[in-house]
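One-letter residues, chain by chain:
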Amino acid sequence: MFMSTDNLVLSQGCRGDLQGLATECAKYVQKQGYRVEPSRACCDVIKSVDVPCLCRHITKDVKDVLDMDKVAHVEVNFIAP
């Protein structure tokens, strides 16, 4: 969800720290590499972001590098109540 702020649609008005999201969480949701537990910093940033809004406005370039299983893992473990 979060490769770089250049690839995110920042002008769509989604609330939260999108720069922090890219910085803290990108490595946990990329297609390359193994699934690892996200850091506390990533979890804290995710909790501040309007994830449904972000998902509605994510670009194709970002989708091409995301592993949706990893994205779901992060969401289930750190966003869901």
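Bear in mind that the values here come from a model prediction, so they are computed numbers and not experimental data. Counting of residues starts from 1 at the beginning of each chain's written sequence and follows it residue by residue. Since the coordinates come from a predicted model, pLDDT governs what is reported: local features require at least 70, and pairs of side-chain atoms require 80 or more to be given and counted, while whole-chain, interface and lining totals use all residues. Neither water nor hydrogens contribute to the side-chain values; these are computed over all heavy atoms in the structure.

Asks: Outline the environment of Arg40, listing residues and values.
Replies: Here Arg40 is to be found in helix H2 (residues 40–48). It is 9.2 Å that separates the C-alpha atoms of Arg40 and Glu24, two residues lying 16 residues apart in sequence. Helical segments are the DSSP runs of H or I of at least four residues, strand segments are the runs of E of at least two, and each set is numbered from the N terminus.

Asks: Any chance you could break down the side chain of His73 for me, citing the residues and the numbers?
Replies: Structurally, the position occupied by His73 is in helix H5 (residues 68–78). The exposure class assigned to His73 is buried, which follows from its relative accessible area of 12%. Within the structure, the side chain of His73 is placed 3.1 Å from the side chain of Glu37, a separation counted as a polar contact. What makes two residues a contact is simply this: any of their non-hydrogen atoms within 4.5 Å. Those residues in contact with His73 that sit more than four places away from it in its chain are Arg35, Glu37 and Pro38. In this scheme, a residue with accessible area under 20% of its type's maximum is buried, one over 50% is exposed, and one in between is partly exposed, where area comes from a 1.4 Å probe on protein chains only. Nitrogen and oxygen atoms within 3.5 Å of one another constitute a polar contact, given that in protein one can donate a hydrogen and the other can accept it, and given that sequence-neighbouring residues count only through two side-chain atoms.

Asks: An account of the pattern of salt bridges is requested, with residue identities and associated values reported.
Replies: Note on definitions: salt bridges are taken to be side-chain nitrogens of Lys or Arg within 4 Å of carboxyl oxygens of Asp or Glu. Summed over the entire model, instances satisfying the criterion amount to two salt bridges. Here Arg40 makes a salt bridge to Asp44, at a shortest N to O gap of 3.9 Å. A residue pair is termed a helical-turn pair when its members lie 3 or 4 positions apart in one helix, as Arg40 and Asp44 do in helix H2 at four residues. Between Asp64 and Lys60 there is a salt bridge; the shortest N-O distance is 2.9 Å.

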